[in-house]
Amino acid sequence: MIKWRGTTYRFHPLFVIMMCFSIATGYFLELITLFGIVFVHEMGHVAAAKGLGWSVKEVQLLPFGGVAVVDEPGSIPAREEIIVALAGPLQNAVMAGAASVLHRFGVWDDGWGQYFIQANVLIGLFNLLPILPLDGGRVMQALLSYALSFHRSLMCCVWISLLLSLFVVFLSLIHMNDAGIQLNLLIIGLFLFYSNWHGYRNIPFSHLRFLMNRGARTGKMIEKGALAQPIVVYKNRSVAQIVRLFMRERYHLIYVLNEKGAIQAVLPEQRIIATYFIDNKPGAAVSELIG
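Presented here is a report on the structure given in the accompanying data block. Here the structure is a predicted model, which means the values were calculated and not measured.

Looking at the packing of helix 6 (residues 150-173) against helix 8 (residues 203-212)
Here helix 6 crosses helix 8 at 145 degrees, and the two axes come no closer than 10 Å. Relative to helix 8, the crossing made by helix 6 is right-handed. Contacts between helix 6 and helix 8 involve Phe150, His151, Leu154, Met155 and Val158 from the first element and Ile203, Ser206, His207 and Phe210 from the second. Across the contact of helix 6 with helix 8, the residue classes break down as six nonpolar, three polar and no charged.

Following this line, the structure appears as structure tokens:
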């Protein structure tokens, strides 16, 4: 574990397993190369995040990238999350491109150089797969948040990630009879599946964290003069049901309809959030909020 400029860097247990496996099989040079590539990849994320004003608490280094823990969960604009997510694979593209140029001019002409290029390409492309917590999964979730409620985007991304994680496991076993099990790919696939299963079970907590940070995000949107996205519900809908309809990149006005379909009241989303947290009445019908 290393702490530098307010950010803690540590190896994820999966990286430690892969390190031990590489040393045991005599691939120490490849291990050092992989560590350097992953570190530069992750520093791309950290540099982009801090450049946008994020507070990065911790970085967990994985064999194929890393996971950054930030202080502003749920309040980060989707556009910024996309920028930060793509900053990692961009470093791989730059490193692979630079190594290719050096190789072309004969400056770097050996097997290790080829491995360096291939490792960057593989790590960069693998991270762009739409699987959480890979960079592609984060981009997918950010893009879906423009069209879906935050809760639904969480559900969609986790289920897509679970299915694709199982596909990675399947790929590691598909040639088991001929070439044996691809152990590295199997371990990564199982890790991704476990990570997303854990994420699925924590969706209520992730959504709650989103709601807790909602005030700061909506304040910034209102300050800029954001257009309101209406949410139309009948008066018997509960507050807990309504907050599941909130979108990450929209400010909401809630139109409450009576039994005849006529508008009975229009409530700002802050009133719903206050009832949910301050009044502690998530099960209250929205009609109870109408004075």
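After that view, the rundown keeps rolling.
Some remarks on the environment of Gly44
Within the fold, Gly44 resides in helix 2 (residues 28-51). When its relative accessible area of 8% is taken as the criterion, Gly44 is described as buried. A sequence separation of 43 residues divides Gly44 from Ala87, and the C-alpha atoms of the two residues are 5.2 Å apart. Among residues more than four places away in sequence, those in contact with Gly44 are Ala87 and Gln91.

Some points on the sheet that holds strand 5 (residues 228-234)
Strand order in the open sheet made by the three strands is 5-6-7, with mixed pairing throughout. Taken across any chain shown, the strands that pair with only one partner, and hence form the sheet edges, are strand 5 and strand 7 (263-268). Neighbouring strand axes in the sheet, compared pairwise and without regard to direction, differ in orientation by 25 degrees on average. Sheet topology places strand 5 next to strand 6 (residues 251-257); seven bridges connect them, and they run parallel. Across the sheet, Ala228 pairs through a bridge with Tyr251, a residue of strand 6. Sheet strands touched by helix 11 (residues 269-277): strand 6 and strand 7. Its angle to strand 7, the strand with the most contacts, is close to 75 degrees.

Calculation notes
- Residues numbered from 1 in each chain as written.
- Predicted model: local features only at pLDDT ≥ 70, side-chain atom pairs only at ≥ 80, totals over all residues.
- Heavy atoms only, no water.
- Axes fitted to C-alpha atoms, helices over the stretch in contact; angles between N-to-C directions.
- Helix = DSSP H or I, 4+ residues; strand = E, 2+ residues; numbered from the N terminus.
- Left-handed = near helix turned anticlockwise from the far one by under 90°.
- Contact = heavy atoms within 4.5 Å.
- Nonpolar A, V, L, I, M, F, W, Y, C, P; charged D, E, K, R; others polar.
- Buried < 20%, exposed > 50% of the residue type's maximum accessible area, 1.4 Å probe, protein only.
- Pairing = 2+ DSSP bridges.

None of this, on its own, says anything about what the molecule does.
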